[in-house]
Amino acid sequence: EKLSGKFHLHIPTKFNINDVAQQIVGAMILSLPFTVTQEAWDLANQLDIYRIFLIIFITLLFDVLLIYFSKFQQIDISNIVLVFARMFSIILVSYIATAAVLYSIGVIGNQITDPIWALKLVILIGLPANIGAATADILK
């Protein structure tokens, strides 16, 4: 919106099911191409614990930077819970959507039966899913 020559940043004041739906769509859009590639499966299997934690850290860092610098820079401290609720939702949606897609197309359970390998794959593909979910969440 434009107010008296300056752009006004719309800061969300609520968080509801519509926001979660946007996150699911964004997560699916960016994760689907990676779920069907053998290269991603093999890469996930080869990741050590340090790289897994690095991927999780990068995922969280992306969320913090995107959410804070896109909408919440000028939010007052009383609404900080809203920021954390969105971040938690984005992460949860990303990993659940990724696991659901991998399971539904038969990667987890058929191609990959080792639970550790499956978890690594969800974390790896969860990164682009998270980017999609967070990006879709900030669009209004």
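1. A look at the overall build of the protein
Thinking step 1. If you tally the helices and strands in the protein, you get five helices and two strands.
Thinking step 2. For the protein, the α and β elements follow one another from N to C terminus as β-β-α-α-α-α-α.
Thinking step 3. Counting the 140 residues in the protein, one finds 40% classified as buried.
Thinking step 4. Across the protein, every contact between residues at least 6 apart in sequence was considered, and the portion connecting residues at least 24 apart equals 83%.
Thinking step 5. Surface exposure of the protein reaches about 8400 Å², of which carbon and sulfur atoms provide 70%.

2. Examining helix α1 (residues 17-35)
Thinking step 1. Taking 1.5 Å of rise per residue, the 19 residues of α1 would be expected to cover 27 Å, and the 26 Å separating its terminal C-alpha atoms lies within 8% of that figure.
Thinking step 2. Where α1 bends most, the angle comes to about 30 degrees, and this point is I29, followed within four residues by the proline P33.
Thinking step 3. Against α2 (38-46), α4 (80-104) and α5 (115-138) lie the buried residues of α1.

3. A few points about the packing of α2 against α5
Thinking step 1. At a minimum axis separation of 8 Å, α2 and α5 run at an interaxial angle of 115 degrees. When the axes of α2 and α5 are compared, the pair comes out roughly perpendicular. In the crossing of α2 with α5, the sense of the turn from one axis to the other is right-handed. Only W117, K120, L121, L124 and I125 of α5 make contact with α2, whose side of the interface consists of A40, W41, D42, L43, A44 and N45.
Thinking step 2. A breakdown of the residues in the contact of α2 with α5 according to their chemical character gives eight nonpolar, one polar and two charged.

Rules used throughout
Residues numbered from 1 in each chain as written. Predicted model: local features only at pLDDT ≥ 70, side-chain atom pairs only at ≥ 80, totals over all residues. Heavy atoms only, no water. Helix = DSSP H or I, 4+ residues; strand = E, 2+ residues; numbered from the N terminus. Buried < 20%, exposed > 50% of the residue type's maximum accessible area, 1.4 Å probe, protein only. Contact = heavy atoms within 4.5 Å. Areas by Shrake-Rupley, 256 points an atom, 1.4 Å probe, with all protein chains shown as cover. Expected span 1.5 Å × (residues − 1). Bend = angle between axes of the 7 residues up to and from the residue. Axes fitted to C-alpha atoms, helices over the stretch in contact; angles between N-to-C directions. Parallel < 35°, antiparallel > 145°, perpendicular 65-115°, else oblique. Left-handed = near helix turned anticlockwise from the far one by under 90°. Nonpolar A, V, L, I, M, F, W, Y, C, P; charged D, E, K, R; others polar.

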